[in-house]
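Results of the structural survey
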Amino acid sequence: MVGDDWRISVDGGTCIGAGICAGTAPTAFRLVNGVSTPTHDTVEADDAIRAAAESCPVEAITVRDREGTVIAPEP
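Each residue is numbered by its place in its chain's sequence as written, counting from 1. For this predicted model, a pLDDT threshold of at least 70 governs which residues receive local features, and a threshold of 80 or more governs which side-chain atom pairs are given and counted, while totals over whole chains, interfaces and linings are taken from all residues. The side-chain numbers reported here are obtained from all heavy atoms of the structure, hydrogens and water having been left aside.

Focus on the overall build of the protein
- Only DSSP runs of H or I reaching four residues or more are called helices, and only runs of E reaching two or more are called strands; each is numbered from the N terminus. Looking only at helices and strands, one finds two helices and six strands in the protein.
- Listing every helix and strand of the protein by position from the N terminus yields β-α-β-β-β-α-β-β.
- Radius of gyration here uses only the C-alpha atoms, and the compact-globule reference equals 2.2 Å multiplied by the residue count raised to the power 0.38. Expected size for 75 residues packed as a compact globule is a radius of gyration near 11 Å; at 11 Å, the protein falls within 12% of this value.
- With respect to the three principal axes, the spread of C-alpha positions in the protein is 30 × 25 × 15 Å.
- Taking all 75 residues of the protein together, the buried fraction comes to 33%.
- Intrachain contacts of the protein at a sequence separation of at least 6 include 55% that bridge at least 24 residues.
- Working definition of accessibility: Shrake-Rupley area with a 1.4 Å probe, residue cover restricted to the visible protein chains. Of the accessible surface of the protein, which amounts to about 4400 Å², a share of 49% is contributed by carbon and sulfur atoms.
- Charged side chains of the protein number 5 positive and 12 negative; the gap between the two group centres comes to 5 Å. When a residue's accessible area, from a 1.4 Å probe over protein chains only, is under 20% of the maximum for its type it is buried; when over 50% it is exposed; and in between it is partly exposed. The contact definition used throughout considers only heavy atoms, calling two residues in contact when any of these lie within 4.5 Å. Positive charge is attributed to Lys and Arg, negative charge to Asp and Glu, and no charge count is given to His or to the chain ends. Where a charge lies is defined by one atom per residue type: Lys uses NZ, Arg uses CZ, Asp uses CG and Glu uses CD.

Description of the nonpolar core
- For the purposes of this section, nonpolar cores are sets of buried Ala, Val, Leu, Ile, Met, Phe, Trp, Tyr and Cys residues that join through side-chain atoms within 4.5 Å. The biggest cluster of nonpolar side chains holds 19 residues, and the ones touching the most others in it are W6, I8, F29, I49, I61 and V63.
- With residues near it in sequence (within four places) discarded, F29 still touches I8, V10, C21, A22, S36, T37, P38, T39, I49, A52 and I61.

Some details on the environment of R7
- Positionally, R7 belongs in strand β1 (residues 5-10).
- A relative accessible area of 39% means that R7 is categorised as partly exposed.
- For the pair R7 and V58, spaced 51 residues apart in the sequence, the C-alpha separation amounts to 19 Å.
- Apart from the residues lying within four places of it in its own chain, the contact partners of R7 are D41, T42, T62, V63, R64, D65, R66 and G68.

Okay, here's the thing in structure tokens:
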């Protein structure tokens, strides 16, 4: 939902550094020492961020809404 804030996190122990997230949502993710890292803990809702989380091959990315409900990846 545009206008809402989302919280994004990456489990660095699970991340394999595929870089799909950084390619899909480069304003939200970057690779640091081969591990995905959010550029900010809180971001404006964006379909590219949701797509990045859904595309992660090891589901290391979690996107939550303001209340803490998981937006992506879908269970």
